[in-house]
Amino acid sequence: MPTDIPGIHHVTAIAGDPERNFEFYTDTLGLRLVKKSVNQDDVHVYHLFYADHGGSPGTSMTFFPYTNARQGRVGTGQVTTTQFLIPESSVDYWTDRLDDEDIGFVTSERFGDTVIGFEDPDGLPLELVARADAPTGDPPEGPVPEEHAIRGFFGVSLSLSTAQPTANLLETMGFRPTEEEQHRQRFESDGELGYVIDLLEDPQAPQGQPGGGTVHHVAFQVTEDEQEQWRDVLQQAGLRPTEIIDRTWFKSVYARTQGGVLFEFATEEPGYTVDEPLESLGEELVLPEWLEDRRDEIEDALPELSL
(Lines give C-alpha, C1' and ligand atoms only; values in the text may rest on other atoms or scores of the structure.)
Protein backbone atom coordinates (compact mmCIF):
# COMPACT_ATOMS: atom_id res chain seq x y z
CA MET A 1 0.00 0.00 0.00
CA PRO A 2 1.19 3.55 -0.69
CA THR A 3 1.57 6.08 2.13
CA ASP A 4 -1.61 7.38 3.75
CA ILE A 5 -2.98 10.53 2.13
CA PRO A 6 -2.47 13.60 4.36
CA GLY A 7 -5.44 15.57 3.09
CA ILE A 8 -7.04 17.60 0.34
CA HIS A 9 -4.90 19.07 -2.44
CA HIS A 10 -7.54 21.35 -4.00
CA VAL A 11 -11.27 21.70 -4.61
CA THR A 12 -12.62 22.72 -8.02
CA ALA A 13 -16.07 24.24 -8.51
CA ILE A 14 -18.18 25.77 -11.26
CA ALA A 15 -18.94 29.50 -11.17
CA GLY A 16 -20.66 32.12 -13.26
CA ASP A 17 -19.20 35.55 -13.99
CA PRO A 18 -15.38 35.32 -13.65
CA GLU A 19 -14.93 38.90 -12.45
CA ARG A 20 -17.53 38.49 -9.70
CA ASN A 21 -15.82 35.24 -8.71
CA PHE A 22 -12.41 36.93 -8.61
CA GLU A 23 -13.65 39.83 -6.50
CA PHE A 24 -15.32 37.57 -3.93
CA TYR A 25 -12.43 35.18 -3.37
CA THR A 26 -9.74 37.86 -3.30
CA ASP A 27 -11.50 40.92 -1.87
CA THR A 28 -13.99 39.26 0.49
CA LEU A 29 -12.22 36.05 1.51
CA GLY A 30 -8.71 37.47 1.10
CA LEU A 31 -7.22 34.61 -0.91
CA ARG A 32 -4.54 35.18 -3.55
CA LEU A 33 -5.09 34.48 -7.23
CA VAL A 34 -2.08 32.22 -7.81
CA LYS A 35 -2.88 30.99 -11.32
CA LYS A 36 -4.92 32.35 -14.20
CA SER A 37 -5.21 29.71 -16.88
CA VAL A 38 -7.88 27.88 -18.88
CA ASN A 39 -9.88 24.70 -18.48
CA GLN A 40 -7.66 22.26 -20.36
CA ASP A 41 -10.75 20.34 -21.49
CA ASP A 42 -12.62 23.49 -22.59
CA VAL A 43 -10.03 26.14 -23.42
CA HIS A 44 -12.51 28.98 -23.92
CA VAL A 45 -13.24 28.98 -20.18
CA TYR A 46 -10.90 30.31 -17.50
CA HIS A 47 -9.44 28.15 -14.76
CA LEU A 48 -8.82 30.41 -11.75
CA PHE A 49 -6.84 29.23 -8.72
CA TYR A 50 -7.06 30.94 -5.30
CA ALA A 51 -4.80 29.93 -2.43
CA ASP A 52 -2.35 31.11 0.22
CA HIS A 53 0.65 33.22 -0.74
CA GLY A 54 2.61 30.40 -2.34
CA GLY A 55 -0.24 28.21 -3.59
CA SER A 56 0.55 25.43 -1.13
CA PRO A 57 -1.23 22.07 -1.47
CA GLY A 58 -4.22 22.09 0.85
CA THR A 59 -5.05 25.76 0.25
CA SER A 60 -6.16 25.97 -3.39
CA MET A 61 -9.79 26.61 -4.32
CA THR A 62 -10.16 26.60 -8.10
CA PHE A 63 -12.99 27.52 -10.47
CA PHE A 64 -14.25 27.05 -13.99
CA PRO A 65 -16.25 30.28 -14.41
CA TYR A 66 -18.78 30.09 -17.25
CA THR A 67 -20.18 33.55 -18.02
CA ASN A 68 -23.64 32.13 -18.75
CA ALA A 69 -23.46 29.16 -16.40
CA ARG A 70 -26.68 27.27 -15.79
CA GLN A 71 -27.39 27.17 -12.06
CA GLY A 72 -26.68 23.74 -10.59
CA ARG A 73 -28.38 22.01 -7.71
CA VAL A 74 -26.42 21.02 -4.63
CA GLY A 75 -27.37 17.51 -3.61
CA THR A 76 -26.57 13.83 -3.33
CA GLY A 77 -23.47 12.58 -5.16
CA GLN A 78 -21.54 15.81 -4.67
CA VAL A 79 -19.22 17.71 -2.40
CA THR A 80 -21.95 19.81 -0.80
CA THR A 81 -19.92 22.03 1.53
CA THR A 82 -16.33 23.26 1.26
CA GLN A 83 -14.82 24.14 4.63
CA PHE A 84 -11.97 26.59 5.25
CA LEU A 85 -9.86 26.71 8.41
CA ILE A 86 -9.52 29.90 10.46
CA PRO A 87 -8.00 30.59 13.89
CA GLU A 88 -10.33 30.17 16.85
CA SER A 89 -9.79 33.82 17.79
CA SER A 90 -11.04 35.04 14.39
CA VAL A 91 -14.75 34.21 14.67
CA ASP A 92 -15.82 37.75 15.56
CA TYR A 93 -13.65 39.21 12.81
CA TRP A 94 -15.26 37.01 10.16
CA THR A 95 -18.85 37.43 11.31
CA ASP A 96 -18.31 41.21 11.31
CA ARG A 97 -16.66 41.05 7.89
CA LEU A 98 -19.46 39.00 6.34
CA ASP A 99 -22.03 41.28 7.92
CA ASP A 100 -20.28 44.37 6.54
CA GLU A 101 -20.36 42.75 3.07
CA ASP A 102 -24.11 42.00 3.43
CA ILE A 103 -23.43 38.27 3.16
CA GLY A 104 -25.93 36.18 5.08
CA PHE A 105 -24.40 33.61 7.42
CA VAL A 106 -25.33 31.14 10.14
CA THR A 107 -23.09 30.41 13.13
CA SER A 108 -23.32 26.97 14.74
CA GLU A 109 -21.29 24.44 16.69
CA ARG A 110 -20.21 21.08 15.29
CA PHE A 111 -18.11 18.54 17.19
CA GLY A 112 -17.00 21.35 19.52
CA ASP A 113 -15.92 23.77 16.74
CA THR A 114 -17.56 27.08 15.84
CA VAL A 115 -18.72 26.95 12.22
CA ILE A 116 -19.76 29.95 10.10
CA GLY A 117 -21.85 28.91 7.10
CA PHE A 118 -22.57 31.10 4.06
CA GLU A 119 -22.65 31.01 0.25
CA ASP A 120 -20.51 32.58 -2.47
CA PRO A 121 -22.19 34.76 -5.16
CA ASP A 122 -23.06 31.65 -7.22
CA GLY A 123 -24.69 29.88 -4.28
CA LEU A 124 -21.76 27.55 -3.53
CA PRO A 125 -22.05 26.47 0.15
CA LEU A 126 -18.97 27.41 2.19
CA GLU A 127 -18.00 27.19 5.86
CA LEU A 128 -15.33 28.73 8.03
CA VAL A 129 -14.31 26.34 10.81
CA ALA A 130 -12.54 27.92 13.78
CA ARG A 131 -9.84 25.86 15.48
CA ALA A 132 -7.28 26.64 18.18
CA ASP A 133 -4.79 24.39 16.36
CA ALA A 134 -5.05 26.23 13.02
CA PRO A 135 -1.51 26.40 11.61
CA THR A 136 0.26 29.71 11.07
CA GLY A 137 0.49 28.92 7.37
CA ASP A 138 1.55 31.30 4.61
CA PRO A 139 -1.21 33.93 4.47
CA PRO A 140 -1.41 36.12 1.36
CA GLU A 141 -1.04 39.85 1.49
CA GLY A 142 -4.44 41.41 1.02
CA PRO A 143 -7.50 42.88 2.70
CA VAL A 144 -7.66 40.30 5.51
CA PRO A 145 -5.12 40.82 8.32
CA GLU A 146 -2.61 38.01 8.60
CA GLU A 147 -3.79 36.95 12.05
CA HIS A 148 -7.32 36.34 10.74
CA ALA A 149 -6.51 34.97 7.29
CA ILE A 150 -7.92 31.72 5.99
CA ARG A 151 -5.22 29.07 6.50
CA GLY A 152 -6.41 26.62 3.85
CA PHE A 153 -8.95 23.83 3.85
CA PHE A 154 -10.44 22.26 6.94
CA GLY A 155 -12.27 19.69 4.84
CA VAL A 156 -15.36 18.94 2.76
CA SER A 157 -18.76 17.37 3.27
CA LEU A 158 -19.95 14.72 0.82
CA SER A 159 -23.68 14.01 0.48
CA LEU A 160 -24.44 10.40 -0.37
CA SER A 161 -27.48 8.18 -0.65
CA THR A 162 -25.36 5.32 0.75
CA ALA A 163 -22.20 6.19 2.66
CA GLN A 164 -20.52 2.82 3.27
CA PRO A 165 -18.67 2.36 -0.06
CA THR A 166 -17.16 5.86 0.23
CA ALA A 167 -16.33 5.24 3.89
CA ASN A 168 -14.46 2.08 2.89
CA LEU A 169 -12.50 4.00 0.24
CA LEU A 170 -11.60 6.79 2.67
CA GLU A 171 -10.24 4.25 5.15
CA THR A 172 -8.14 2.73 2.38
CA MET A 173 -6.81 6.23 1.68
CA GLY A 174 -5.75 6.66 5.32
CA PHE A 175 -8.73 8.57 6.73
CA ARG A 176 -10.09 7.10 9.95
CA PRO A 177 -13.60 7.48 11.44
CA THR A 178 -13.51 9.75 14.49
CA GLU A 179 -16.94 11.16 15.36
CA GLU A 180 -20.57 10.73 14.40
CA GLU A 181 -23.81 12.63 15.01
CA GLN A 182 -27.20 12.04 13.41
CA HIS A 183 -26.50 11.46 9.69
CA ARG A 184 -22.94 12.93 9.70
CA GLN A 185 -19.88 10.69 10.01
CA ARG A 186 -16.45 12.31 10.26
CA PHE A 187 -13.20 10.90 8.88
CA GLU A 188 -9.80 12.44 9.59
CA SER A 189 -6.27 12.04 8.28
CA ASP A 190 -3.01 13.08 9.92
CA GLY A 191 -2.37 16.11 7.70
CA GLU A 192 -2.26 19.76 8.75
CA LEU A 193 -4.76 21.04 6.18
CA GLY A 194 -7.77 19.50 4.46
CA TYR A 195 -7.71 16.58 6.86
CA VAL A 196 -11.48 16.23 7.46
CA ILE A 197 -14.06 14.49 5.28
CA ASP A 198 -17.65 14.41 6.54
CA LEU A 199 -20.07 11.91 5.01
CA LEU A 200 -23.75 12.90 5.06
CA GLU A 201 -26.00 9.94 4.33
CA ASP A 202 -29.59 10.58 3.22
CA PRO A 203 -31.25 8.14 0.80
CA GLN A 204 -34.18 10.56 0.33
CA ALA A 205 -32.16 13.67 -0.56
CA PRO A 206 -32.46 15.00 -4.14
CA GLN A 207 -29.70 14.18 -6.61
CA GLY A 208 -27.23 16.98 -7.22
CA GLN A 209 -27.09 18.56 -10.67
CA PRO A 210 -23.85 20.06 -12.02
CA GLY A 211 -23.78 23.77 -12.82
CA GLY A 212 -23.01 27.10 -11.27
CA GLY A 213 -22.61 26.95 -7.49
CA THR A 214 -21.60 23.28 -7.34
CA VAL A 215 -18.30 21.47 -6.80
CA HIS A 216 -16.85 19.67 -9.81
CA HIS A 217 -14.34 17.51 -7.90
CA VAL A 218 -12.20 17.24 -4.79
CA ALA A 219 -8.50 16.43 -5.17
CA PHE A 220 -6.29 14.64 -2.65
CA GLN A 221 -2.53 15.01 -2.14
CA VAL A 222 -0.27 12.21 -3.35
CA THR A 223 3.39 12.04 -4.27
CA GLU A 224 4.50 11.46 -7.84
CA ASP A 225 6.37 8.33 -6.76
CA GLU A 226 3.16 6.76 -5.41
CA GLN A 227 0.58 8.03 -7.89
CA GLU A 228 0.63 4.86 -10.00
CA GLN A 229 0.18 2.81 -6.82
CA TRP A 230 -2.90 4.86 -5.96
CA ARG A 231 -4.24 4.21 -9.43
CA ASP A 232 -3.86 0.48 -8.76
CA VAL A 233 -5.64 0.87 -5.41
CA LEU A 234 -8.59 2.54 -7.15
CA GLN A 235 -8.80 -0.27 -9.69
CA GLN A 236 -8.71 -2.85 -6.91
CA ALA A 237 -11.58 -0.98 -5.24
CA GLY A 238 -13.68 -1.54 -8.36
CA LEU A 239 -13.39 2.01 -9.71
CA ARG A 240 -12.31 3.15 -13.17
CA PRO A 241 -9.40 5.58 -12.75
CA THR A 242 -8.13 7.60 -15.67
CA GLU A 243 -4.58 7.41 -16.92
CA ILE A 244 -2.13 9.85 -15.31
CA ILE A 245 -2.76 13.30 -16.84
CA ASP A 246 -0.12 16.04 -16.80
CA ARG A 247 -1.75 19.30 -15.67
CA THR A 248 1.60 21.20 -15.67
CA TRP A 249 1.40 22.19 -11.97
CA PHE A 250 0.57 18.66 -10.84
CA LYS A 251 -0.21 15.28 -12.34
CA SER A 252 -3.69 13.87 -11.87
CA VAL A 253 -5.66 10.66 -11.77
CA TYR A 254 -9.46 10.90 -11.63
CA ALA A 255 -12.03 8.35 -10.49
CA ARG A 256 -15.73 8.68 -9.79
CA THR A 257 -16.63 7.00 -6.54
CA GLN A 258 -19.55 4.64 -6.09
CA GLY A 259 -21.35 7.50 -4.35
CA GLY A 260 -21.04 9.65 -7.46
CA VAL A 261 -18.41 12.13 -6.21
CA LEU A 262 -15.45 12.73 -8.53
CA PHE A 263 -12.13 12.23 -6.71
CA GLU A 264 -8.80 13.40 -8.08
CA PHE A 265 -5.40 12.22 -6.86
CA ALA A 266 -3.03 15.13 -7.56
CA THR A 267 0.71 15.27 -6.99
CA GLU A 268 2.18 17.80 -4.58
CA GLU A 269 4.87 18.61 -7.13
CA PRO A 270 5.92 20.66 -9.05
CA GLY A 271 3.51 23.37 -7.87
CA TYR A 272 2.34 26.72 -9.20
CA THR A 273 5.80 28.30 -9.38
CA VAL A 274 6.96 25.89 -12.10
CA ASP A 275 5.98 28.39 -14.81
CA GLU A 276 5.73 31.73 -12.94
CA PRO A 277 7.85 33.42 -10.27
CA LEU A 278 6.34 33.47 -6.78
CA GLU A 279 6.08 37.25 -6.64
CA SER A 280 3.94 37.49 -9.80
CA LEU A 281 1.74 34.41 -9.54
CA GLY A 282 -1.64 34.86 -11.21
CA GLU A 283 -0.89 38.14 -12.94
CA GLU A 284 -0.79 36.83 -16.51
CA LEU A 285 -2.70 34.20 -18.47
CA VAL A 286 -0.61 31.03 -18.28
CA LEU A 287 -1.12 28.22 -20.79
CA PRO A 288 0.33 24.72 -20.88
CA GLU A 289 3.06 24.32 -23.51
CA TRP A 290 0.76 22.32 -25.80
CA LEU A 291 -1.69 25.26 -25.98
CA GLU A 292 0.79 28.08 -26.56
CA ASP A 293 0.38 27.96 -30.34
CA ARG A 294 -3.34 28.70 -29.82
CA ARG A 295 -2.80 31.66 -27.45
CA ASP A 296 -4.25 34.33 -29.74
CA GLU A 297 -7.38 32.29 -30.42
CA ILE A 298 -7.82 31.47 -26.73
CA GLU A 299 -7.30 35.01 -25.50
CA ASP A 300 -9.76 36.39 -28.05
CA ALA A 301 -12.46 33.96 -26.93
CA LEU A 302 -12.08 34.53 -23.17
CA PRO A 303 -14.28 37.14 -21.43
CA GLU A 304 -12.73 40.28 -19.98
CA LEU A 305 -11.22 39.77 -16.54
CA SER A 306 -9.86 42.85 -14.83
CA LEU A 307 -7.57 42.06 -11.93
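Up top is the structure.
Colleague: Tell me about a negative patch on the surface, residues and numbers included.
Modeller: Taken together, the side chains of Asp17, Glu23, Asp27, Asp92, Asp96, Asp99, Asp100, Glu101 and Asp102 present a region of like negative charge at the surface. Residue assignment for the negative patch shows that the elements contributing at least two residues are helix 1 (18-28) and helix 2 (91-100). Among the elements that line the negative patch, the one with the most residues is helix 2, at 4 residues. In this fold, aspartate 92 is placed in helix 2. Exposure remark for aspartate 92: the relative accessible area of 57% places this residue in the exposed category.

Colleague: Would you mind going over the sheet that holds strand 13 (residues 214-222) in detail, with residue names and values included?
Modeller: Strand pairing within a sheet occurs via backbone hydrogen bonds; the two strands may be parallel or antiparallel. What the 8 strands build is an open sheet, ordered 2-3-4-1-13-16-15-14; its pairing is mixed. Every interior strand has two partners, whereas the edge strands, strand 2 (32-39) and strand 14 (245-246), have only one. Relative to strand 13, strand 1 (residues 8-15) runs antiparallel, the two being bridged by 6 bridges. In the sheet register, valine 11 faces strand 13, and the bridge partner there is valine 218. Relative to strand 16 (residues 262-267), helix 3 (residues 164-173) is tilted by about 10°, and along the sheet it contacts strand 13 and strand 16. Packing against the sheet, helix 4 (residues 227-236) makes contact with strand 13, strand 15 (251-256) and strand 16, and its axis sits at approximately 10° to strand 15.

Colleague: Tell me about the nonpolar core, and name the residues and values.
Modeller: Membership of the largest hydrophobic core comes to 67 residues, with the highest contact counts inside it found for Tyr25, Leu29, Met173 and Phe263. Of all hydrophobic cores here, the second largest spans 10 residues; its members include Phe49, Trp249, Ala266 and Leu281.

Colleague: Give a description of unusual backbone geometry that names residues and reports values.
Modeller: Both trends apply: most residues other than glycine have a negative phi, and most peptide bonds are in trans. Residue glutamate 269 is joined to proline 270 through a cis peptide bond whose omega torsion reads 0°. Among the secondary structure elements, proline 270 is positioned in the loop between strand 16 and helix 5 (295-301). At aspartate 102, a position not held by glycine, the phi torsion is positive, near 60°. Within the fold, aspartate 102 resides in the loop between helix 2 and strand 6 (106-110). The backbone of glutamine 182 sits at a positive phi, close to 50°, despite the residue not being glycine. Along the chain, glutamine 182 falls in the loop between strand 10 (176-181) and strand 11 (184-188).

Colleague: Run through the environment of leucine 48, naming residues and quoting values.
Modeller: Mapped onto the elements, leucine 48 comes out in strand 3 (residues 42-51). Owing to a relative accessible area of 0%, leucine 48 belongs among the buried residues under this scheme. Placed 13 residues apart in sequence, leucine 48 and lysine 35 show a C-alpha to C-alpha distance of 6.0 Å. Residues in contact with leucine 48, not counting those within four places in the same chain, are Pro18, Asn21, Leu33, Lys35, Lys36, Met61, Thr62, Phe63, Pro65 and Leu305.

Colleague: Give a description of the pattern of salt bridges that names residues and reports values.
Modeller: If you walk through the whole model with that rule in mind, you get 16 salt bridges. The shortest N-O distance in the salt bridge between arginine 294 and glutamate 297 comes to 2.9 Å. Of the residues examined, arginine 294 reaches a relative accessible area of 32% and is grouped as partly exposed. When salt bridges that share partners are traced, they join Lys35, Asp275 and Glu276 into one network.

Colleague: Can you explain the layout of surface pockets? Please cite residues and give values.
Modeller: Estimates place the volume of the largest pocket at around 280 Å³. Broken down by secondary-structure element, the contributors of at least two residues to the lining of the largest pocket are strand 1, strand 2, strand 13 and strand 16. Class assignment of the residues belonging to the lining of the largest pocket gives a composition of 8 nonpolar, 7 polar and 3 charged.

Colleague: Kindly report on the packing of aromatic side chains, identifying the contributing residues and their values.
Modeller: Counted under the stated rule, the structure contains 13 aromatic pairs. Each ring, one from tyrosine 93 and one from tryptophan 94, has its centre 5.6 Å from the other, and the planes form 90°; the classification is edge-to-face. Taken individually, tyrosine 93 and tryptophan 94 each receive the classification buried, so the pair is uniform in this respect. Here phenylalanine 154 and tyrosine 195 contribute two aromatic rings whose centre-to-centre distance is 5.5 Å and whose plane-to-plane angle is 70°, an arrangement assigned as edge-to-face.

Conventions used here
- Residues numbered from 1 in each chain as written.
- Predicted model: local features only at pLDDT ≥ 70, side-chain atom pairs only at ≥ 80, totals over all residues.
- Heavy atoms only, no water.
- Patch = residues over 30% accessible without salt bridge, like charges linked within 9 Å, V, L, I, M, F, W, Y side chains within 5 Å.
- Areas by Shrake-Rupley, 256 points an atom, 1.4 Å probe, with all protein chains shown as cover.
- Salt bridge = Lys/Arg side-chain N within 4 Å of Asp/Glu carboxyl O.
- Lys, Arg positive; Asp, Glu negative; His and termini not counted.
- Charge placed at Lys NZ, Arg CZ, Asp CG, Glu CD.
- Helix = DSSP H or I, 4+ residues; strand = E, 2+ residues; numbered from the N terminus.
- Buried < 20%, exposed > 50% of the residue type's maximum accessible area, 1.4 Å probe, protein only.
- Pairing = 2+ DSSP bridges.
- Contact = heavy atoms within 4.5 Å.
- Axes fitted to C-alpha atoms, helices over the stretch in contact; angles between N-to-C directions.
- Core = buried A, V, L, I, M, F, W, Y, C linked by side-chain atoms within 4.5 Å.
- 1 Å grid on protein atoms, 1.4 Å probe; cavity = no way out; pocket = protein on both sides within 12 Å on 5 of 7 lines; lining within 4 Å.
- Points joined across faces, edges and corners; volume = space filled by probe spheres on them.
- Nonpolar A, V, L, I, M, F, W, Y, C, P; charged D, E, K, R; others polar.
- Phe/Tyr/Trp six-rings, centres within 6.5 Å; stacked < 30°, edge-to-face > 60°.

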